[in-house]
Amino acid sequence: MLPVRSYLFVPGSAPALLRKAALGEADALVADLEDGVALSQKPLARSSVVEWLRQGVEQPVWVRVNQGDALDDDLDALAPVAALLAGLVVAKADASSVRRAGRLRVPLAPMIETAASIEAAPELARLPHVAMLQIGEVDLAADVSLSPSADDAELGWPRGRVVFASRAAGLPAPPAPVSTELGDMDVFRASTVRLARQGFVGRMCIHPRQVAVANESFTPSAEAVARAERLLAAFDRALLAGDAVLTDEHDRMVDEAVVRSARRTLELHAGAAARSARL
C-alpha cells in the first residue's frame, strides 16, 4: 500500500462535493457521516456515500462513522459496499464502538478525541481490525479544556501518546490531525512540518487548499532522496565489509536506526512518484 500524504474529509450529505473530491489531488478521501453532517441529513449522507462508492472512486475511501446508536445504522448502510472501503474511521472511539465496527471486517481507524480514549489508546491500537490510530484535537481540546497556543505545545503529550501507542502496537505512524486554519497556508504548512517532526505521516485535511500543502510537506525533496540513497548505499557496503556502524559524509554516526529513517524517506518518495505517474 502506498504511503498516504493527505486525507480529505468530505461531507457525505453533499454528493456534488463527493464527486468533486474524487477528481482532486488528495491521496485518500474520508466521506463523513459524523460531525460534518447535520442530524436530519444523516440518512441522506448514508445513501449518498453508498451510491458514490458504487460508481467507483480511484482513491482509497474511508468513511467516518458515528458513535452511539447511529453507529449501527451506519454499519447497516455500508455493509453492502464494505468491499469498496479502505476502512472506517470510528469517531470518538472507545473499545465498544471499535468492536462493533469490526463486524464489517474492514480496516479500522479509531479516532482518539476524548480524555478517556487518550488513556485507552494502547488498548484501542491492539483491537481486531485496527489498522491505524487518528487523533481528533478539536474535540479533545474541548473535552479537557485545553486552549492551544500558536505552537500547539499544550497538545504535545496527547500527540506523543497516540504516536507511541501506534508504534508499540506495530501500527504505522498516525496521520496528523486536522487544522481549522483555512486562510493562511503558511501557518498550515508550519504546523504540518512540526507534526511530521513529532512522528506523524500524512495529514487529515478539511479543505482542498490544505491538500496541496500536505502533499508537498510529505513528499521528500530531491536533496533528501539523494541523501537517503547515498546513506543506504554506504550502509550496504559497510554490511558487506562486516560493519554495522559507519560515519556519513557529515561525520555523523549511521546505524540501523538511522537507516530506517532513510528507508521511510524513500518509501514516501516512491509513493509520491507512483501517484504522479497515474495522473
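Residues numbered from 1 in each chain as written. Predicted model: local features only at pLDDT ≥ 70, side-chain atom pairs only at ≥ 80, totals over all residues. Heavy atoms only, no water.

### Details of unusual backbone geometry
- Even without a glycine there, the phi angle at Asp152 is positive, about 60 degrees.
- Residue placement: Asp152 occurs in the loop between α7 (137–144) and α8 (156–168).
- Judged by its relative accessible area of 17%, Asp152 falls in the buried class.
- The phi dihedral of Asp251 falls on the positive side, at around 60 degrees, and the residue is not glycine.
- In this structure, Asp251 sits in the loop between β8 (246–247) and β9 (253–254).
- A residue is classified by how much of its surface remains accessible, and Asp251, at 68% relative accessible area, is exposed. (Helix = DSSP H or I, 4+ residues; strand = E, 2+ residues; numbered from the N terminus. Buried < 20%, exposed > 50% of the residue type's maximum accessible area, 1.4 Å probe, protein only.)

### Examining the UniProt feature "binding site: substrate" (unreviewed entry) in the protein chain
- UniProt's feature table lists "binding site: substrate" (unreviewed entry) at Arg64 and Glu113, given in the numbering used throughout. Sequence-wise these annotated residues cover 50 residues; spatially they are packed, their C-alpha atoms never more than 13.4 Å apart.
- Checked against the element boundaries, Arg64 lands in strand β3 (residues 61–65).
- Under the relative-accessibility criterion, Arg64 is labelled buried at 10%.
- Apart from the residues lying within four places of it in its own chain, the contact partners of Arg64 are Phe9, Val30, Ala31, Asp32, Leu33, Glu34, Asp35, Gly36, Val89, Ala91 and Met111.
- One can find Glu113 in the loop between β5 (108–112) and α5 (115–119).
- Glu113 has contacts with Ala91, Lys92, Gly136, Asp139, Leu140 and Asp143, leaving out every residue within four places of it along the chain. (UniProt positions renumbered as here; feature names shortened; annotations may be inferred. Contact = heavy atoms within 4.5 Å.)

### Quick word on α7
- Here α7 has its buried residues at Glu137, Leu140 and Ala141. Along the axis of α7, the buried residues cluster in a sector spanning 100 degrees; they form a single face. Facing away from the buried side of α7 by more than 90 degrees, the exposed set consists of Val138 and Ala142.
- Check the buried side of α7 and you find it contacts α5, β6 (134–135) and α8.
- Of the residues one or two after α7, Ser145 is the one with positive phi, at around 60 degrees. (Arc of directions from axis to C-beta.)

### Concerning the UniProt feature "binding site: Mg(2+)" (unreviewed entry) in the protein chain
- UniProt records the feature "binding site: Mg(2+)" (unreviewed entry) for Glu113 and Asp139 in the present numbering. Look at the named residues: they lie 27 residues apart in sequence, but the longest C-alpha span between them is just 5.5 Å, so in the fold they bunch up.
- The class for Glu113 is buried, based on a relative accessible area of 1%.
- Here the side chain of Glu113 touches Lys92 through a polar contact of 2.6 Å, landing on its backbone nitrogen. (Polar contact = N/O pair within 3.5 Å; in protein donor to acceptor, adjacent residues only side chain to side chain.)

### Things to note about the environment of Ile206
- Along the chain, Ile206 falls in the loop between β7 (203–205) and α10 (208–217).
- For Ile206, a relative accessible area of 37% corresponds to the partly exposed category.
- Measuring from C-alpha to C-alpha, the distance between Ile206 and Val178 comes to 6.6 Å, with 28 residues separating the pair along the chain.
- Setting aside residues up to four positions removed in sequence, Ile206 forms contacts with Leu8, Phe9, Val178, Ser179, Thr180 and Leu182.

### Considering the sheet that holds β5
- In space, the seven strands of this open sheet follow the order β6-β5-β4-β3-β2-β1-β7, with parallel pairing throughout. Only two strands of the sheet have a single partner each, and these edge strands are β6 and β7.
- Bridging between strand β4 (residues 87–90) and β5 involves three bridges; their strand directions are parallel. Within the sheet, the bridge partner assigned to Leu88 lies in β5 and is Leu108. (Pairing = 2+ DSSP bridges.)

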